[in-house]
Amino acid sequence: MKVTPFNVLPHIPPELEPLREIAYNIWFSWSWEAVELFIRMDAEYWEKTYQNPALMLGVIPQERFEELARDEVFLSNMRRVHQEFKDYMSATTWFQKTHPEAINRTIAYFSLEYGIDVGLPIYSGGLGVLAGDHLKSASDLGLPLVAVGLLYREGYLKQRLNADGWQTEDYPKNDWYNMPVTLATDADGKPIRAQIELGQEPVQFQIWKVQVGRCPLYLLDSDLRENRPEHRAITTRLYAGDRDMRLRQEILLGIGGVRALAALGIEPAVCHMNEGHSAFLALERLRQTMERHHLTREEAFEVLWSSSVFTTHTPVPAGNERFDPALLGRYLGDYLRRLGLSWEEFMALGRENPRNAGEDFCLTVLALRTAAHCNGVSALHGKVSRNLWKNIWPDLPVDDVPIGSVTNGIHTRSWLSHDMADLLDRYFGPRFLRDPMDFSVWKRAELIPDVEMWRTHERRRERLVWFTRKRLRQQAERRGASPHLLQEADQVLDPEALTIGFARRFAEYKRGTLLLRDPERLAKILNAPGRPVQIIIAGKAHPMDNSGKQLIKDLFHFVRGNGFRPKIVFIEDYDINVARYLVQGADIWLNTPRRPLEASGTSGMKAACNGVLNLSTLDGWWCEGYDPEVGWGIGSGEEYSDPALQDQLESGALYETLEQEVVPMFYDRGRDGLPRRWIARMKRSMSQLAVYFNTSRMVADYVDRYYLQAGAKFADLAGDGQGRAKALAAWRARVRQNWSGLRIEEVSSNVEPALHVGQSLQVTARVRLGRLSPEDIQVQCYHGDFVGEDRVEDGVFTRMRSEGVQDGVALYRGEAPCHRSGRRGFAVRVLPDHDDLVHPFDPGMVIWG
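Residues numbered from 1 in each chain as written. Predicted model: local features only at pLDDT ≥ 70, side-chain atom pairs only at ≥ 80, totals over all residues. Heavy atoms only, no water.

Spatial ordering of the open sheet is given by β17-β16-β15-β18-β19-β20, a layout of 6 strands whose pairing is parallel. The sheet is open, and its two edges are formed by β17 (568-571) and β20 (631-634), each paired on a single side. Going from strand to strand, the sheet's axes swing by 20° on average, the running direction of each strand aside. In this sheet, β20 lies alongside strand β19 (residues 613-617) in parallel orientation, the contact comprising 4 bridges. When the bridges of β20 are listed, threonine 617 appears paired with isoleucine 634. Along the sheet, helix α27 (residues 643-666) contacts β15 (498-503), β16 (533-538), β18 (588-591), β19 and β20; its crossing angle with β20, the most-contacted strand, is approximately 165°. (Pairing = 2+ DSSP bridges. Helix = DSSP H or I, 4+ residues; strand = E, 2+ residues; numbered from the N terminus. Axes fitted to C-alpha atoms, helices over the stretch in contact; angles between N-to-C directions. Contact = heavy atoms within 4.5 Å.)

Here it is in structure tokens:
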């Protein structure tokens, strides 16, 4: 039987037509007025459609539409929200005002997942939510940014716990024709398609579009009849399947993503890889640059490298994809031959040691080798990443490994409760909403009266308890619980008790059960007379991670077996909706990763902007955010070689902090019933943390540190006949060919017998140039604290000046001031130098003397 599909669209009265425009732009998700508009249409349908306004417009009875079309109050509100939306879309933005020269240099952002809103389930957790917040702030700031991802037919797992506490997964199908996405079409209204090749087999895909404010997100979909079943399945599930499926997804995202942009008529000036999943885009971008601009592979690589940005998100091995060479050969062998890239050259791009034939191919390494602009997602993570990937640059000190950092943030309007937003709007003024780059308004948090701050927060805690009870009852009903247990679910938790929130992916390094190590001590904390404490926990394990599932099961049995059920509860199926209730309504946000494995984390930032106080290990973002006046730290930033000892010590520190500081402060009430010391800390937390840990600041950092330079390099190298790209490639080839002829023949200094503070180290170096010239190199004096074994720490470099060449030997002199006493060390090094280099750290091209 052949079935012909067709679409049935909702019949919306003309008076209500603006609802369609609002529903199909994710802007509605961070406008409470827009959300409230859909709730007013029908609150029951809003919940039934899981806050998906596109679906809601298709299921509301026609009679209700007719009623609304006659409701002048509703029409007035709708027109006001629609005008607010149009004003947002047409406003002059921060990027237009500050960087008009770059407004036509498109930035393409690639990610395997996007956590944009509840009704668009194409995310699993923090990486996707960060990507979604990145897009929203890029829209707010007006960046010329487009995004690329995959459209998953079943998305990520829906979590259920069975009667034994073991996680099971459901994968409901997404109906994309009833979601805020549209097919990208050409001028004739036909869907735009492109294709990739997996081996010798073509795989077609179509392109869907999600409008995120001003920024389009393009999602690739291989579920087409023209494809074989195994290739239609590429876009079935996020993070599911074996290594073969993961590789095909990442080829589609990287190579297919660049082809999708070309099919849409977009040539990005900058490509930003959000984690290594999209690293294959470098190959396709290289190919297109060669063809479009008639360049050699080496010339095109200079354009590619100089205009690519890569963000690494995790130091955990499982997050850095590695593939067996045989699997790569099956799908990419023919492609590489067409590209003119030998197998050995390709494998070298994905290996830390290019000469190690036994090393698997790593996408993180591919991204690091093909992007000049690389960063971690917190200051600590940048340091950890430099150490983790130092073998790619074996001759550099760790501090010089070219991986910087941009600390993550959150899209504040997406995570701030509407109750708190209303309060802040009153005291912060209109700039809070209209100018996302005016961070100074957060200092006004101190002006909010204590009673208003506390009543607002209490309303959010009450809503959290109500939501938790509702979810627990649903969970109990699904398991066939007795009437007694259903009644218990309706009464669990105390809306006035100190409430601790803990929600994240269940992985061993996140230590979701650290708080449970001493049941007796925990029971005393939870059940102290007159000072009750309760804990709400949520989180999923990766579907292939049985150790993470075991942690959830252990938690389940711990609560049930130790009588903690009224005080510790677990909400199933953690997602954006659950996260909002938790970060907006808890009193304490608990985070217990094993340092230094938490790259950043952002849930604590979401809590902080709502006045929720953080209690966390000093890892990730909290290393930068922690101040004794705004929250609590677990430990003092120590790192342990023995995980069991670390868990023992830090669980003890956690209990002590709760017993001695957190609980007493929360219940320290005045005659008016207000915990004024606690409220003061809430205000300080908001004013100090929300002002910095937001994606407006984060995206502006990417602009200033990477996007502008990368876009300018693309314009310079790919413009005006590509003369500069050709010249740079020719220069690099010449320098590489003759690098072995360089030699530092002599280094002398004034270090004997000793120097005093205030004097300068004077260094002279004689460098034999071979067939190079002084213009091809830079000579540096690298100096810092001497720690033995030819190593210095906290090293800095001083560029030495050339003072002439005689008989092929160049003389260089330099000096470095001595600002403090102690054991110091220096060395001289030679690096390549060219005006068009983003940085001089080319693996294998450094000489030390």
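Residues Leu16, Met41, Leu143, Phe280, Phe346 and Tyr707 are the most contacted members of the largest nonpolar core, which totals 176 residues. No other element matches the 12 residues that helix α29 (residues 695-718) contributes to this core. In contact with phenylalanine 346, not counting residues within four places along its chain, are Phe280, Leu283, Leu328, Leu332, Leu336, Leu341 and Phe361. (Core = buried A, V, L, I, M, F, W, Y, C linked by side-chain atoms within 4.5 Å. Buried < 20%, exposed > 50% of the residue type's maximum accessible area, 1.4 Å probe, protein only.)

Reading across from one edge, β24-β23-β27-β28 is the order of the 4 strands in this open sheet, with antiparallel pairing throughout. Two strands close off the open sheet at either side, each with one partner strand: β24 (791-799) and β28 (847-848). Summarising the sheet, strand β23 (residues 777-788) and β24 pair through 7 bridges and their orientation is antiparallel. Its bridge partner lying in β24, aspartate 785 is registered against glutamate 793.

A few words now on empty space enclosed by the protein. Tallying each qualifying case throughout the model produces 7 cavities of 30 Å³ or more. Counted as a void, the largest cavity has a volume near 70 Å³. Surrounding the largest cavity, Val258, Glu267, Pro268, Arg285, Gln288, Thr289, Arg292 and Phe714 form its lining. Tallying contributions element by element places helix α11 (residues 281-293) first for the lining of the largest cavity, with 4 residues. Here the lining of the largest cavity is composed, by residue class, of 3 nonpolar, 2 polar and 3 charged. (1 Å grid on protein atoms, 1.4 Å probe; cavity = no way out; pocket = protein on both sides within 12 Å on 5 of 7 lines; lining within 4 Å. Points joined across faces, edges and corners; volume = space filled by probe spheres on them. Nonpolar A, V, L, I, M, F, W, Y, C, P; charged D, E, K, R; others polar.)

Turning our eyes to something else, we now look at the packing of aromatic side chains. On inspection of all chains with the given rule, the structure shows 30 aromatic pairs. Between tryptophan 27 and phenylalanine 85, the ring centres sit 5.1 Å apart and the planes meet at 50°, which makes this aromatic pair tilted. Placement of the pair is tryptophan 27 in the loop between α1 (18-23) and α2 (32-41) and phenylalanine 85 in helix α6 (residues 72-90), with a sequence separation of 58 residues. Residues tryptophan 27 and phenylalanine 85 agree in their burial class; the two are buried. Considering the side-chain rings of phenylalanine 432 and tryptophan 442, the 5.6 Å spacing of their centres and the 85° angle between planes classify their relative orientation as edge-to-face. Of this pair, phenylalanine 432 sits in helix α19 (residues 431-434) while tryptophan 442 sits in the loop between α19 and α20 (450-478), and the two are 10 residues apart along the sequence. We note that phenylalanine 432, like tryptophan 442, is buried. (Phe/Tyr/Trp six-rings, centres within 6.5 Å; stacked < 30°, edge-to-face > 60°.)

Running from N to C, helix α18 (residues 418-428) and α20 cross one another at 165°; their axes reach a closest spacing of 9 Å. Relative to α20, the element α18 lies roughly antiparallel. The chirality of how α18 crosses α20 is right-handed. Between α18, through His418, Asp419, Met420, Leu423, Arg426 and Tyr427, and α20, the contact on the second element is made entirely by Glu452, Met453, Thr456, Arg459, Arg460 and Arg463. When the residues that make up the contact of α18 with α20 are grouped by side-chain class, the tally is 4 nonpolar, 2 polar and 6 charged. (Parallel < 35°, antiparallel > 145°, perpendicular 65-115°, else oblique. Left-handed = near helix turned anticlockwise from the far one by under 90°.)

Extensive coverage of strand β27 (residues 824-832) is indicated by the burial of 7 of its 9 residues. Sheet topology places β23 next to β27; 9 bridges connect them, and they run antiparallel. Bridged to aspartate 785 within β27 is arginine 824. Inspection of the sheet shows β27 paired to β28 by 2 bridges, in the antiparallel sense. Its bridge partner being in β28, valine 830 is matched across the sheet by isoleucine 847.

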